[in-house]
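Topology and contacts: notes
Given next are the chains, with one letter for each unit.
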Amino acid sequence: MSHEEQTDLRIQRTHKFLQEAMIELITEKGFDAITVGDIAERAMINRATFYRHYQDKYDLVVKIFEEAANHLVEDMKPFHKDIDPGEKEENLVGLWSQLFEHVAEHARLYRAMLGKNGSPWFAARMREHTIKLMLEKERRWKHQVEPSQPIYPATPPELPIMQLSHVLVGTIVWWLESEKRYTPRQMATWFYRFAFYGYLSARGYEAPTPGKE
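Worth saying up front: this structure is predicted, and the values here are computed from it rather than measured.

Positive phi, close to 60 degrees, is recorded for M44, a residue that is not glycine. Structurally, M44 is set in the loop between α2 (36-43) and α3 (47-53).

Turning our eyes to something else, we now look at the pattern of salt bridges. Tallied over the full model, the rule gives 7 salt bridges. Here R42 ties to E28 by a salt bridge, and the two come within 2.9 Å at their closest N and O atoms. Placement of R42 in helix α2 and of E28 in helix α1 (residues 3-29) is noted, with a sequence separation of 14 residues between them. Looking at E28, the relative accessible area reads 52%, which means it is exposed.

In this section: the packing of aromatic side chains. Counted under the stated rule, the structure contains 10 aromatic pairs. A centroid spacing of 6.2 Å and a plane angle of 85 degrees characterise the contact between F65 and W121, whose relative ring orientation is edge-to-face. You can see F65 sitting in helix α4 (residues 57-75) and its partner W121 sitting in helix α7 (residues 120-141), a full 56 residues away along the chain. Taking relative accessible area as the criterion, W121 reaches 29% and is therefore assigned partly exposed. Consider the rings of W96 and F191, whose centres lie 5.1 Å apart with planes at 70 degrees: the pair is edge-to-face. Separated by 95 residues along the polypeptide, W96 in helix α5 (residues 88-105) and F191 in helix α9 (residues 184-197) bring together distant segments of the chain. For the pair W96 and F191, a shared accessibility class is recorded, and that class is buried. Members of the aromatic cluster, joined through ring pairs, are F65, Y110, W121 and F122. R125 extends its terminal NZ or CZ atom over the ring of W121, reaching a point 4.7 Å from the ring centre.

About the cut-offs
- Residues numbered from 1 in each chain as written.
- Predicted model: local features only at pLDDT ≥ 70, side-chain atom pairs only at ≥ 80, totals over all residues.
- Heavy atoms only, no water.
- Helix = DSSP H or I, 4+ residues; strand = E, 2+ residues; numbered from the N terminus.
- Salt bridge = Lys/Arg side-chain N within 4 Å of Asp/Glu carboxyl O.
- Buried < 20%, exposed > 50% of the residue type's maximum accessible area, 1.4 Å probe, protein only.
- Phe/Tyr/Trp six-rings, centres within 6.5 Å; stacked < 30°, edge-to-face > 60°.
- Lys NZ or Arg CZ within 6 Å of the ring centre and 35° of its normal.

Encoded structure:
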């Protein structure tokens, strides 16, 4: 192994130790109460080493998020444009299943960072990232769905996506903190029903037709 490879491995190990320390401390103390000294001590490195890699604890959170986001993109299989219309719902549920499977695989990270003791910054970035994903998928879905006549005046286009991003992150937090062991597929199905058919459909009721008593 070359000197450069050894150096790279040491850097990767240091990053892993610091990230693991951050996650443990968030679970124990909450993000706001954590100091750089706490993180360095838990990772068994000195403060100077920490500052060689990160500016502060917020910079560490940024890097943790970027790594998680990259994993998410890698974990989600491409969305095929040639979906049979009759299989559209099954495929879209499958698409969201991939996201919930990714969360399940990294449950410890998301439970710590999105939970009540976690980082508000991480949660905000998670919502922003899911908004981007949703907008990208929406552009593709429009090629699969026949346009219909709007029933009500349209809301600002970014508002429904923003609302759904909050629903999605809230769903993930509830799932991770719940004692019930629902599968990624179940969570994806329930989120899909709420996102595309509304509250009543998610509760198992048939939504009333607008304009009718």
